[in-house]
Amino acid sequence: MKKLLMTFATLLLAMSVSAQQYQNVSDTPFNKGKMYASAGFSGLDLNYNSTTKWNLNIDGKVGYFLVDDVMALAEAQWGIHQEYPNDFIVGAGMRYYIRQNGIYLGAGANYKHSECYDDFLPNVNVGYAFFISRTVTIEPELYYNMSTKSFKDYSGFGLRIGFGIYLDEIF
């Protein structure tokens, strides 16, 4: 129990230090016109739905801040599965960043294609942009995908870990 409390306290301290990096600065990574690119993975028994035994999902995302703290995202994902054919997912979504602490809330919709079936997956997520430099982040994220094909079998939640890069305006 002491280890769990120490880990939680360390995480809170890291979040406050990361948030203070941009406090009172008008040019944060979450400003209108900034670009975003990310690569990440999920699976490895960090997610759950009733049909999954072992899987690995590798994803890439690109985004653009339409207004301060609001980003439009496009996503592509490739899934490798132990018990059924691999799949490919494309999707779009939005994120809202809480500027003071780097937490973001997101929602989107994905289209999933595999040899067995096609599916439409609305999703929600919450994550944290932990800055390891002025523009590079480690982003743990909790997500929930809701299947429209079979809610019981293919809906699920999980943990995604990614690396993000926040770039200045390029247009």
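Residues numbered from 1 in each chain as written. Predicted model: local features only at pLDDT ≥ 70, side-chain atom pairs only at ≥ 80, totals over all residues. Heavy atoms only, no water.

## Points about the overall build of the protein
Filter applied, for reference: Secondary structure follows DSSP: runs of H or I at least 4 residues long count as helices, runs of E at least 2 residues long count as strands, and numbering of each begins at the N terminus. Partly exposed describes any residue whose relative accessible area lies between the buried limit of under 20% and the exposed limit of over 50%, with all areas from a 1.4 Å probe on protein chains only and scaled to the type maximum. Contacts between residues were defined by any pair of non-hydrogen atoms, one from each residue, lying within 4.5 Å.
The number of helices and strands found in the protein is two helices and nine strands. For the protein, the N- to C-terminal ordering of α and β elements is α-β-β-β-β-β-β-β-β-α-β. Counting every position in the protein, which comprises 171 residues, the buried fraction comes to 40%. Sequence separation of 24 or more characterises 51% of the internal contacts of the protein that already satisfy a separation of 6 or more.

## Quick notes on the side chain of Lys34
With respect to the helices and strands, the residue Lys34 is situated in the loop between helix 1 (2–20) and strand 1 (35–48). Apart from residues lying up to four places away in sequence, Lys34 is in contact with Asp27, Thr28, Pro29, Gly63, Tyr64, Phe65, Leu167, Asp168 and Glu169.

## A word on the pairing of strand 9 (residues 156–167)
The side chains of a regular strand alternate between both faces of the sheet. Put simply, the rule reads: Note: two strands are recorded as paired if DSSP finds a minimum of 2 bridges between them.
Only one face of strand 9 is buried: it carries Gly156, Gly158, Arg160, Gly162, Gly164 and Tyr166, and the other face, with Phe157, Leu159, Ile161, Phe163, Ile165 and Leu167, is open. Two strands pair when backbone bridges link them, and strand 8 (residues 136–145) and strand 9 are joined in this way by 10 bridges, in the antiparallel orientation. Residue pairing across strands places Glu141 opposite Arg160, the latter belonging to strand 9.

## Thoughts on the packing of aromatic side chains
So the rule is basically this: Here is the rule: rings of Phe, Tyr and Trp (six-membered ring for Trp) pair when centre to centre is within 6.5 Å. Planes less than 30 degrees apart are stacked, more than 60 are edge-to-face, and the remainder are tilted.
With the rule as written, the count across this model stands at 11 aromatic pairs. Residues Phe65 and Tyr97 carry aromatic rings whose centres are separated by 5.5 Å and whose planes lie at 45° to one another, so their mutual orientation is tilted. In this pair, Phe65 sits in strand 2 (residues 55–67) while Tyr97 sits in strand 4 (residues 87–98), placing the two residues 32 residues apart along the sequence. The same class applies to Phe65 and to Tyr97, which are both buried. Taking 6.4 Å as the distance between ring centres and 35° as the angle between the ring planes, the aromatic pair formed by Phe65 and Tyr166 counts as tilted. With Phe65 in strand 2 and Tyr166 in strand 9, this pair connects stretches of sequence that are 101 residues apart. Residues Phe65 and Tyr166 agree in their burial class; the two are buried.

## Digging into the pattern of salt bridges
Between side chains of opposite charge, a pair can form as their charged atoms come close. Cut-off, in case you're wondering: Salt bridges are counted wherever a side-chain nitrogen of Lys or Arg sits within 4 Å of a carboxyl oxygen of Asp or Glu.
Here the structure, examined in full by the defined rule, presents nine salt bridges. Residue Arg95 is joined to Glu141 by a salt bridge in which the shortest nitrogen-to-oxygen separation is 3.4 Å. Highlighted residues: Arg95 in strand 4 and Glu141 in strand 8, separated in sequence by 46 residues. This pair shows no difference in class: Arg95 is buried, exactly as Glu141 is. Within the structure, one salt-bridge network assembled from shared partners comprises Asp59, Lys61, Arg95, Glu139, Glu141 and Arg160.

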